[in-house]
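# A look at the structure
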Amino acid sequence: MALDFGRLGFGAAAIGNLYRAIPDADARAVIDQAWAAGLRYFDTAPHYGFGLSEKRLGAALAEIDPHRRAIISTKVGRRLDPTLDADLSQVRQGFVSPEPYESRFDYSYDAVMRSYEASRGRLRRDCIDILYVHDIGRFAHGDAHEARMREFLDGGFRAMEELRRTGAVRAIGLGVNETAVCEEILAHADIDLILLAGRYTLLEQAPLDSLLPLCAARGVRIILGGPFNSGILAQGVRHGGPVHYDYGDPPASIVDRVRRIEEQCDRFGVTLGAAALQFPLAHPVVASVIPGIGTTAHLRSAIAQMAQPVPAGFWLALRDEGLIDARAPVPAGMAA
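Let me sum up the structure you'll find in this document. (Residues numbered from 1 in each chain as written. Predicted model: local features only at pLDDT ≥ 70, side-chain atom pairs only at ≥ 80, totals over all residues. Heavy atoms only, no water.)

### Some remarks on the sheet that holds strand β6 (residues 128-134)
Read across the sheet, eight strands follow the order β1-β2-β3-β6-β7-β8-β9-β10 without closing on themselves; strand pairing throughout is parallel. This sheet does not close on itself; its edge strands, each paired only once, are β1 (10-11) and β10 (286-290). Bridge count between strand β9 (residues 221-225) and β10: four bridges; the pairing is parallel. When the sheet's bridge partners are listed, G225 is paired in β10 with I290. (Pairing = 2+ DSSP bridges. Helix = DSSP H or I, 4+ residues; strand = E, 2+ residues; numbered from the N terminus.)

Set out below in structure tokens:
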């Protein structure tokens with residue numbers, strides 16, 4: 001599976017009107033500028049604006065990428081059901097979308113096949129490069145996890161395997177926010193990739209214990225989503241405004257940890273965002289980092305942060321202060 005993602009990818013939830021409406025022209029502008037800047041990996045999902053993100057991405061890439069050089073991933077596991085009485089001007093499941101649908105979890109064989117075909121139409125592609133199963137696991141489903149897992153392994157995963165075997169997709173994997181389900185799936189299924197959101201970051205390195213070694217042994221690559229841990233690593237904690245961690249309010253221990261990382265950033269002249277984006281890429285199984293990008297300002301910031309030089313002494317200081325796991329690989333320029 002020869003897929004060159006590039007160090008920085010494009011997370012397309014925001015162009016599905018995540019939390020707020022974005023005009024079509026603004027969504028198109030950020031896709032155009034991402035392409036012009038050299039980004040070639042775009043991740044979306046039917047859930048993102050109930051098809052809106054896929055439609056916007058598909059329309060833009062049909063014009064700017066006629067030779068199909070972009071790598072596109074989308075997701076299955078949530079079907080789109082029509083909604084007849086929803087106020088489309090209000091936030092629904094996190095999105096303000098004009099699309100008259102809401103998403104419902106469905107990991108059955110038929111639902112995955114229908115979802116793939118619908119995504120292919122919205123994305124204007126004969127085939128889709130990567131298909132992830134969306135939000136399988138106890139983090140999303142709680143006590144219903146075991147039933148959902150059976151539904152997926154007996155149905156949806158069989159559909160994904162079939163799509164890969166016939167060449168309809170080049171790779172299959174998971175798009176999740178937790179590590180436990182990754183290891184559970186790896187024990188039962190042959191997958192190529194894991195889009196892991198927020199779990200291997202400048203703040204969290206627990207996957208070093210077992211998931212990342214397991215991925216290395218199995219040849220499974222990680223796409224790292226949520227590198228800013230819901231925003232706290234983008235804005236820091238010293239500005240006085242509200243901050244979010246893991247989709248909620250951060251505990252005091254996390255606030256203190258970020259504050260201490262910021263002190264080291266000041267000491268070495270490094271922006272917090274640059275450290276957050278560059279850190280995960282040092283691990284050999286991490287193929288790309290994909291922050292959510294919804295505006296041209298966000299895009300310019302991410303590109304600049306990815307290019308910012310970070311001195312080797314910065315990473316050494318984080319290790320010495322116990323702010324990153326001593327086992328974690330760090331970007332080139334520092335001895336192990």
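We are not done yet, so read on.
### A short note on the layout of surface pockets
A volume near 250 Å³ is recorded for the second largest pocket. Of the residues that constitute the lining of the second largest pocket, the class distribution is six nonpolar, two polar and six charged. (1 Å grid on protein atoms, 1.4 Å probe; cavity = no way out; pocket = protein on both sides within 12 Å on 5 of 7 lines; lining within 4 Å. Points joined across faces, edges and corners; volume = space filled by probe spheres on them. Nonpolar A, V, L, I, M, F, W, Y, C, P; charged D, E, K, R; others polar.)

### With respect to the pattern of salt bridges
Side-chain pairs of opposite charge can arise where the charged atoms are in close proximity. Evaluation of the coordinates by the stated rule reveals 24 salt bridges. Here D81 and R79 are joined by a salt bridge, their closest N and O atoms 2.9 Å apart. With a closest N to O distance of 3.8 Å, E102 and R92 form a salt bridge. Taken as a pair, E102 in strand β5 (residues 101-105) and R92 in the loop between β4 (78-82) and β5 lie far apart in primary sequence, ten residues in all. Looking at E102, the relative accessible area reads 19%, which means it is buried. Overall, R92 belongs to the buried group, its relative accessible area being 6%. (Salt bridge = Lys/Arg side-chain N within 4 Å of Asp/Glu carboxyl O. Buried < 20%, exposed > 50% of the residue type's maximum accessible area, 1.4 Å probe, protein only.)

### Description of the nonpolar core
If you look at the biggest cluster of nonpolar residues, it comprises 89 residues, and the most contacted ones within it are F10, I194 and L202. The element best represented in this core is helix α5 (residues 145-165), accounting for six residues. Discounting chain neighbours no more than four positions away, the residues touching L202 are L233, I261, L272, A275, A276, F279, W315, L318, L323 and I324. (Core = buried A, V, L, I, M, F, W, Y, C linked by side-chain atoms within 4.5 Å. Contact = heavy atoms within 4.5 Å.)

### Re the pairing of β6
Buried residues dominate β6, accounting for seven of its seven residues. The pairing of strand β3 (residues 71-76) with β6 spans four bridges and is classified as parallel. Across the sheet, the residue bridging to T74 is L131, located in β6. In this sheet, strand β7 (residues 169-176) lies alongside β6 in parallel orientation, the contact comprising six bridges. In the sheet register, V133 faces β7, and the bridge partner there is L174.

### What to know about the side chain of E99
Checked against the element boundaries, E99 lands in the loop between β4 and β5. A polar side-chain atom of E99 sits 3.0 Å from a polar atom in the side chain of K55. In this view, E99 contacts G49, F50, L52, K55, L88 and R92; residues no more than four positions away in its chain are not counted. (Polar contact = N/O pair within 3.5 Å; in protein donor to acceptor, adjacent residues only side chain to side chain.)

### Points about the packing of helix α1 (residues 24-36) against helix α2 (residues 52-64)
Running from amino to carboxyl end, α1 crosses α2 at an angle of 50 degrees, the nearest separation of the two axes being 10 Å. With respect to their mutual orientation, α1 and α2 come out oblique. In the packing of α1 onto α2, the handedness of the crossing is right-handed. Note on element contacts: α2 touches α1 through R56, L57, A59, A60, L61, E63 and I64, opposite D24, A27, R28, I31, D32 and W35. Looking at the contact of α1 with α2 residue by residue, the classes come out as eight nonpolar, no polar and five charged. (Axes fitted to C-alpha atoms, helices over the stretch in contact; angles between N-to-C directions. Parallel < 35°, antiparallel > 145°, perpendicular 65-115°, else oblique. Left-handed = near helix turned anticlockwise from the far one by under 90°.)

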